[in-house]
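So you can see what is in the structure, the chains are spelled out below.
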Amino acid sequence: MPAAAAAAPIIRCVQKLVLYETRARYFLVGSNHAETKYRVLKIDRTEPTDLVVIDDKHVYTQQEVRELLGRLDLGNRTKIGQKGSSGLSRAVSAFGVVGFVRFLEGYYIVLITKRRKMADIGGHAIYKIEDTNMIYIPNDTVRITHPDEARYLRIFQNVDLSSNFYFSYSYDLSHSLQYNLTILRMPLEILKTETIQTRQESFDIFEDEGLTAQGGSGVFGICSEPYKKYVWNGQLLDVVKNTVHHDWLLYVIHGFCGQSKLLIYGRPVHVTLIARRSSKFAGTRFLKRGANSEGDVANEVETEQILCDASVMSFSAGSYSSYVQVRGSVPLYWSQDISTMIPKPPITLDQADPFAHVVALHFDQMLQRFGSPIIILNLVKEREKRKHERILSEELVSAVTYLNQFLPPEHAIVYIPWDMAKYTKSKLCNVLDRLNVIAESVVKKTGFFVNRPDPYCSILRPDEKWNELGGFVVPTGRLQTGVLRTNCVDCLDRTNTAQFMVGKCALAYQLYSLGLIDKPNLQFDTDAVRLFEELYEDHGDTLSLQYGGSQLVHRVKTYRKIAPWTQHSKDIMQTLSRYYSNAFSDADRQDSINLFLGVFQPAEGKPHLWELPTDFYLHQKNTMSLSQTRRSYTYWWTQGVLNHLPLPYDEVTCTENRRKLIVKRFHKYEEEIDIHNEFFRPYEISSFDDTFCLAMTNSIRDFMPKNVGIDPSPFTVRKPDETGKSVVGNKSNREETVLQRKTAASAPPPPSEEAASSSSEDDSGTDKEDEGAVSQRSTPVKMTDTGDNVKITENIVQSMKDIYGINLSDVPSEDDLTIYTRFVQLGQNQHKQDKSSQQLCSKHHLDGIINIIHISSFSQDNIYEVQPPKVDKKSIDIFHAHIQAGRGTMQPLIKEDILMYREYIRNRYM
């Protein structure tokens, strides 16, 4: 294959599913979205406790599936030839398989029955699970009942899959954009050696005619193994992972996903925020603190902000940039005793770790995934009357100091302590200014990812900040090396504000790298920053609800000290909500998470989940069995990691990483790699009203002021009364705002929480209306006293300055009149009714002024007459060939036609 071949992500063939039922079997029929390729799973229902799934790995056509279902229906009827009772019934329709789970009886299958599109990255759709269905597999005749089965089922279903679980058929959500695009640019020689072909996929009905595919149109399809740490249904799919085709394996992440559109003078730029919550050592606020014996920490979330130019969709031709940062609990053995029922239980260190074993395991994971430098931003309190949070800082400093003495100095872990609470209380210090200084230094050290070389404008107009930028520069762009790890005690309020400031700084560099701004700097109170701030607040609210049981208590506006007085009462309510959740509902939520993730697996003879006094032994594996190998106290990193720093080991082209890839060779028109066909779906009728890009949050519609004369740039600083969300409206406008926020990036909470506290988005939307914000599409009107007629007139009859942004003079200048006359003559010429008058006008009035060139191919084209264009010889020959074919006379096909027909046959029927 020549070097012109490309690589593309493999699109899963199974996107629509129908479950058919007989007394002895379930038949799960999956198809791609176009319903041209099908796969079938057979699930046995006669086994009471075992799961028997059969996948023939065959790709069926639509006709073959209909014939197969017809034979199954006929063969499973109670009497041969009977038409009244069907032997095959349709049970449920779905969009994916979450997995299979067993408690004390037989297996259940969990299916996604509703989905909602949340984001789009390079044409690859990201969906949120809206509803699921659990179906018991064994039939009633073989079912062995157990009295505790129903209780386990209720506990499992307490993990609400309709709340912030996301998946994609073609984009790997468990990996960063940098990883996903890096593997697509692997050298072709490596891809050739990794290419696999099954017997069916390599079958070619044209091979006897010497027309096998030539390399010019070949494309490598690549699918990577997910990063297990951020996959939440991995345990549910393990039971069938080695049995079924990988198209059936749909991996789900938990966290947050939001996308907004930034319009820069009409040029669409999509800003996407994806948060991946770790499934290791997962749990609720006070029940999961610190780290476990394997280096996994509580409340670990990887947040990635992705910027893409939406005017070009392709990964290979488009412009994409991303920046990744991490939050997580302090990686030590520590906990808080909640039995005392006080708001801030004392912090205790549970185990001594003089050689920083747990800290070493944690940072070893980070070096493999992110490279160096690893930067720790520690926001816990440093000065306290009674030592509380400072216990964690002192222990963490000693651990990092110990580990750094064995690392090369250029790859040492960077530790930045900063008491954010102390600076917040001080009236002389600006918290966000200090955070901005830290953010600049962090982004300069780590750099960011962009898949395009530096723009030429950076050479013409060199910028000092840009020249000092770190990361790893490659011919195709830049790579982020290293990551910022932010933590406070809970990793909620302070952490979210710090991450926002770092993300805002990185966003400026991303926009500059794509040539969208002239300097890598963004200011507050611009449309772009307000859009980004709203994304981060939705992101923070969602993560806070998952871990702490309430929304954010302190927001960016709180630290800017511009929050209205009504925000204080809301903060008090959120604090009480968090305390109530921690005291009364966190234990049940923790049991549900342990059961869902497979940390606890029910079995006969074992104590039940609700009988365990603690889950400490479930998460600390070294308490159940001793490790046979002990890690070195000095060489604490995985072998091979240091050899490739500052690059992350997971992105290096080596034998170990290549084993994680599935590489197949496709023709460029095959549906498995045709993202254009997957995104635009030309085979179905679509409506603009249902288009996702129109429903997402828009910087012009939702943030820009409605006054015509205002500068439309999203980088212009606005006054608070100029923003698109600063006016007051009526009840209908408020309801419209809440509806728009639902269709935007915010993710709705579990239905069970709606009655108690509405939802995160509804609360924030309603409260903003109470603070003075209304419908994002309303027109700004000054609210005045209805009895004051003079003021009402002033508001209705606005001045020229208010409407147009300038004061018009009474008499236009002579130059302006000449320009206007030419414009009018041009309009008259376009709509001339009399041909002779048109010639006269063009001869006497338009000589030397304008020369009109026809846009249309028609030489004469207006509403009164049309002269057909001249047709070239090639088009006439094609038309004559078409006529002759209709009469039965066929012309011999050329080689290109046969190749195209061959690909059509393969895609449609094979």
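For clarity, every value in this text was computed on a predicted model and none was experimentally measured. (Residues numbered from 1 in each chain as written. Predicted model: local features only at pLDDT ≥ 70, side-chain atom pairs only at ≥ 80, totals over all residues. Heavy atoms only, no water.)

Student: Is there a simple way to think about the pattern of salt bridges in this case?
Tutor: Think of it this way: side chains of opposite charge can pair up when their charged atoms draw near. Under the defined criterion, the tally for this structure stands at 31 salt bridges. Here Glu394 ties to Lys387 by a salt bridge, and the two come within 3.3 Å at their closest N and O atoms. The exposure class of Lys387 is partly exposed, given its relative accessible area of 45%. Across the salt bridge formed by Lys557 and Glu533, the nearest N and O atoms sit 3.4 Å from each other. Residue Lys557 is located in helix α14 (residues 556–560), and its partner Glu533 is located in helix α13 (residues 527–548); the two are separated by 24 residues in the primary sequence. On the basis of relative accessible area, Glu533 is assigned to the buried category, the value being 6%. Each of Arg276, Glu302, Glu304 and Arg369 takes part in salt bridges that share partners, so that together they form one network. (Salt bridge = Lys/Arg side-chain N within 4 Å of Asp/Glu carboxyl O. Buried < 20%, exposed > 50% of the residue type's maximum accessible area, 1.4 Å probe, protein only. Helix = DSSP H or I, 4+ residues; strand = E, 2+ residues; numbered from the N terminus.)

Student: Mind showing me how you'd approach the sheet that holds strand β1 (residues 6–9) here?
Tutor: The pairing of strands in a sheet happens through backbone hydrogen bonds and is either parallel or antiparallel. Taken in spatial order, the 3 strands of this open sheet run β1-β11-β24, and their pairing is mixed. This sheet does not close on itself; its edge strands, each paired only once, are β1 and β24 (661–667). The mean inter-strand angle of the sheet, taken between neighbouring strand axes irrespective of direction, is 30 degrees. As paired strands, β1 and strand β11 (residues 218–224) are joined by 4 bridges and run parallel to one another. Bridge assignment links Pro9 to a residue of β11, and that residue is Ile222. Strand contacts of helix α3 (residues 177–184): β1, β11 and β24, with the helix running at about 145 degrees to β11, the strand carrying the most contacts. (Pairing = 2+ DSSP bridges. Axes fitted to C-alpha atoms, helices over the stretch in contact; angles between N-to-C directions. Contact = heavy atoms within 4.5 Å.)

Student: Got a minute to help me understand a nonpolar patch on the surface in this structure?
Tutor: Taken together, the side chains of Tyr456, Ile459 and Leu460 present a nonpolar region at the surface, about 370 Å² in accessible area. We classify Tyr456 as exposed; its relative accessible area is 57%. (Patch = residues over 30% accessible without salt bridge, like charges linked within 9 Å, V, L, I, M, F, W, Y side chains within 5 Å. Areas by Shrake-Rupley, 256 points an atom, 1.4 Å probe, with all protein chains shown as cover.)

Student: Looking at this model, I keep getting lost on empty space enclosed by the protein. Mind explaining?
Tutor: By rolling a water-sized probe across the atoms, one finds the places where empty space is left. Applying the stated criterion to the full structure yields 9 cavities of 30 Å³ or more. Taken as a whole, the largest cavity encloses approximately 150 Å³ of empty space. In terms of lining residues, the largest cavity is bounded by 14 residues, among which Ser176, Gln178, Arg369, Phe370 and Glu651 are the most central. Elements with a contribution of two residues or more to the lining of the largest cavity: α3, β15 (320–327) and α6 (357–370). Residues belonging to the lining of the largest cavity are distributed by class as follows: 4 nonpolar, 6 polar and 4 charged. (1 Å grid on protein atoms, 1.4 Å probe; cavity = no way out; pocket = protein on both sides within 12 Å on 5 of 7 lines; lining within 4 Å. Points joined across faces, edges and corners; volume = space filled by probe spheres on them. Nonpolar A, V, L, I, M, F, W, Y, C, P; charged D, E, K, R; others polar.)

Student: When you look at the packing of aromatic side chains in this model, what are you seeing that I'm missing?
Tutor: Remark: the centre distance and the inter-plane angle together describe each pair of aromatic rings, the angle taken between the planes. All chains considered together, the criterion is met by 31 aromatic pairs. When the centroid spacing of 6.0 Å and the interplanar angle of 80 degrees are considered together, the rings of Phe165 and Trp232 count as edge-to-face. Taken as a pair, Phe165 in strand β10 (residues 165–167) and Trp232 in the loop between β11 and α5 (234–237) lie far apart in primary sequence, 67 residues in all. Judged by its relative accessible area of 2%, Phe165 falls in the buried class. Ring centres of Tyr227 and Tyr230 lie 5.6 Å apart, and the angle between their planes is 35 degrees; on these two criteria the pair is classed as tilted. Note on accessibility: Tyr227 and Tyr230 belong to one class, buried. Connected via pairs of aromatic rings, a cluster forms that spans Phe103, Tyr108, Tyr136, Tyr152, Phe156, Phe165, Trp232, Phe596, Phe600 and Trp610. The lysine or arginine in question, Arg45, covers the ring of Tyr26, its NZ or CZ lying 4.4 Å from the ring centre. For the cation-ring pair, Arg151 lies above Trp610, with the distance from its terminal atom to the ring centre recorded as 4.1 Å. (Phe/Tyr/Trp six-rings, centres within 6.5 Å; stacked < 30°, edge-to-face > 60°. Lys NZ or Arg CZ within 6 Å of the ring centre and 35° of its normal.)

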